[in-house]
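Below are the chains, spelled out letter by letter.
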Amino acid sequence: VARALDLESPLQEDLSLEKGNSSRWVRALSSFNSFDGKSVTALDFRTGELIENPISPLTRGTTEETIVQLPEGEQHLIAVKTDDFVISTGFYAEGRYLLYSLADGSARYCLSYPDCPEYPDLQEKTKGMLYASSILRLRPDGQAFVCADMYSGMIDFCRVSPEGIERVKLEQLSYPRVEISETPEPQVLYRKENRFGFMDIAVTPERIYALYSGKTYARDRQGAFVSNRLLEYDWEGNLMQTFNFDVGLTGITYDEDEGLLYGITGDSKMSVVKLKL
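These numbers were taken from a predicted model, which means no experiment stands behind them. (Residues numbered from 1 in each chain as written. Predicted model: local features only at pLDDT ≥ 70, side-chain atom pairs only at ≥ 80, totals over all residues. Heavy atoms only, no water.)

Engineer: What is the right way to look at the overall build of the chain in this model?
Structural biologist: Secondary structure summary: the chain contains 2 helices and 22 strands in total. Taking all 277 residues of the chain together, the buried fraction comes to 46%. Put simply, of all contacts in the chain between residues at least 6 apart along the chain, 39% involve residues at least 24 apart. Here the chain has roughly 14,400 Å² of accessible surface; of this, 48% comes from carbon and sulfur atoms. (Helix = DSSP H or I, 4+ residues; strand = E, 2+ residues; numbered from the N terminus. Buried < 20%, exposed > 50% of the residue type's maximum accessible area, 1.4 Å probe, protein only. Contact = heavy atoms within 4.5 Å. Areas by Shrake-Rupley, 256 points an atom, 1.4 Å probe, with all protein chains shown as cover.)

The structure is reproduced here in structure tokens:
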């Protein structure tokens, strides 16, 4: 179950993201996203179903949902949806991103996974496993997106065109420090010295705000999972500004109506704070 909190009311509403009433049918959900602020999508990574539920004030209290079945036979992990298409990533052999048309159900695989210098000859599916913990955010007009890795400093700036998906810029702030084996089955083990990457991303029509850790478990322990640094990019992948905070954050979100950025603190109180940039 996903829970929606109305900041103007103490009421809490559960979004219908379970299949049936029995706990054995509870979906395995990941990749929560909201493209237009009127609905939220979540991917069932076991079945490849992308579930969309309304969250706008006019539709609260309803249980209506829509389901998009992504191509079967693939392991989908992260997905975002517009009115016209879905972009997803997972363990794909044919490309880094899947562009799935909602109009005709056609699927195109685009671009390649980032490389890993320590292992230059990896299979594409193994690279998909290496960069599996991704954050995917669409620009509000749906014509560009950013994808960042939580376990390295990889951040990918892309645009959507009639020909498919084009890479604008691929930035690598740090490479994964891992042990990888592809026999008998692909296996990826992260070292304690691995530098964690992006904890969350928020986007506006002009900017990308990326919450970056840059810490290691060997040195920072659980503190590696919170971030004190915010990187501001434009949609061409240029770093515009860097902000450092005294408080550690685990998440960020942009309020379009207010034009403000909010953060979620990583302490036990889970506070919401206004970020002054």
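Engineer: Please explain the packing of aromatic side chains as it appears in this structure.
Structural biologist: For any pair of aromatic rings, geometry is given as the distance between the ring centres together with the angle between the planes. The tally for this structure, following the rule as stated, stands at 7 aromatic pairs. Both rings, one in Y151 and one in Y190, keep their centres 5.0 Å apart while their planes meet at 40°; by these two values the pair is tilted. Here Y151, found in the loop between β12 (144-149) and β13 (154-161), pairs with Y190, found in strand β16 (residues 187-190); they are 39 residues apart in sequence, far enough to count as distant. On the basis of an interplanar angle of 55° and a centroid distance of 5.1 Å, the ring pair of F157 and Y233 is categorised as tilted. Taken together, the residues F157 in strand β13 and Y233 in strand β19 (residues 227-234) connect sequence positions 76 residues apart. A single burial state applies to F157 and to Y233, both of which are buried. Here the aromatic cluster, defined as three or more aromatic residues joined through ring pairs, consists of Y151, Y190, F196 and F225. (Phe/Tyr/Trp six-rings, centres within 6.5 Å; stacked < 30°, edge-to-face > 60°.)

Engineer: I keep staring at the pattern of salt bridges and nothing clicks. Help me out?
Structural biologist: Charged atoms that come close allow side chains of opposite charge to pair. Counted by the stated rule, this structure contains 13 salt bridges. Residues joined in a network through salt bridges with shared partners are D115, E124 and K127. (Salt bridge = Lys/Arg side-chain N within 4 Å of Asp/Glu carboxyl O.)

Engineer: Honestly, the nonpolar core in this entry has me stumped. Any pointers?
Structural biologist: Membership of the largest hydrophobic core comes to 16 residues, with the highest contact counts inside it found for I87, Y97, L136, F145 and I165. Where this core is concerned, the elements lending two or more residues are β7 (75-81), β8 (85-91), β9 (97-101), β11 (134-138), β12 and β13. Broken down by element, this core gets its largest block of residues, 3 residues, from β7. Those residues in contact with L136, other than ones at most four positions away along the chain, are N33, I78, A79, V80, I87, S88, Y97, F145, V146 and C147. The next biggest cluster of nonpolar side chains, apart from the first, holds 15 residues, and it includes A148, Y212, L231 and Y233. (Core = buried A, V, L, I, M, F, W, Y, C linked by side-chain atoms within 4.5 Å.)

Engineer: Sorry, what's going on with the environment of S39 here?
Structural biologist: Residue placement: S39 occurs in strand β4 (residues 39-44). Residue S39 is classed as buried on the basis of its relative accessible area, which comes to 10%. Each C-alpha atom, one on S39 and one on N53, is 5.4 Å from the other, the two residues being 14 residues apart in sequence. Beyond its immediate chain neighbours, meaning those up to four positions away, S39 contacts N33, S34, E52, N53, P54 and I55. One polar contact links S39 to E52, side chain to side chain, over a distance of 2.5 Å. (Polar contact = N/O pair within 3.5 Å; in protein donor to acceptor, adjacent residues only side chain to side chain.)

Engineer: Where do I start with the sheet that holds strand β3 (residues 29-33) in this structure?
Structural biologist: Backbone-to-backbone hydrogen bonds pair the strands of a sheet. The strands run either parallel or antiparallel. With antiparallel pairing, the 4 strands of this open sheet are ordered in space as β3-β4-β5-β6. Each of the sheet's edge strands pairs with one partner strand only, and the pair in question is β3 and β6 (66-69). When the angles between neighbouring strand axes are averaged without regard to direction, this sheet yields 25°. Note that β3 and β4 share 3 bridges and pair antiparallel. Note that in β4 the partner of L29 across the bridge is D44. (Pairing = 2+ DSSP bridges. Axes fitted to C-alpha atoms, helices over the stretch in contact; angles between N-to-C directions.)

Engineer: Would you mind showing me how to read the side chain of D149 here?
Structural biologist: Relative to the elements of secondary structure, D149 occurs in strand β12. Notably, D149 is buried but unbridged: the nearest opposite-charge side chain belongs to R96, and the N-O separation is 6.3 Å. One polar contact links D149 to S152, side chain to side chain, over a distance of 2.7 Å. Beyond its immediate sequence surroundings of up to four residues, D149 is in contact with L130, Y131, S133, S134, M154, G197 and F198. (Lys, Arg positive; Asp, Glu negative; His and termini not counted.)

Engineer: What is the right way to look at the sheet that holds β11 in this model?
Structural biologist: A sheet is described by the order of its strands in space; here 4 strands give the open sequence β11-β12-β13-β14, paired in antiparallel fashion. A single partner strand is all that each edge strand has here, and the edge strands are β11 and β14 (164-172). Adjacent strand axes in the sheet meet at a mean angle of 20°, parallel and antiparallel pairs treated alike.

Engineer: Would you mind going over the pairing of β12 with me for this structure?
Structural biologist: Of all 6 residues in β12, 6 are buried; the element is thus mostly enclosed. The alternating pattern of β12 places A144, V146 and A148 on one face and F145, C147 and D149 on the opposite face, and all of these are buried. Once β11 ends, the chain turns through 5 residues before running back antiparallel as β12, passing G142 with a positive phi of about 75°.

By themselves these figures say nothing about function.
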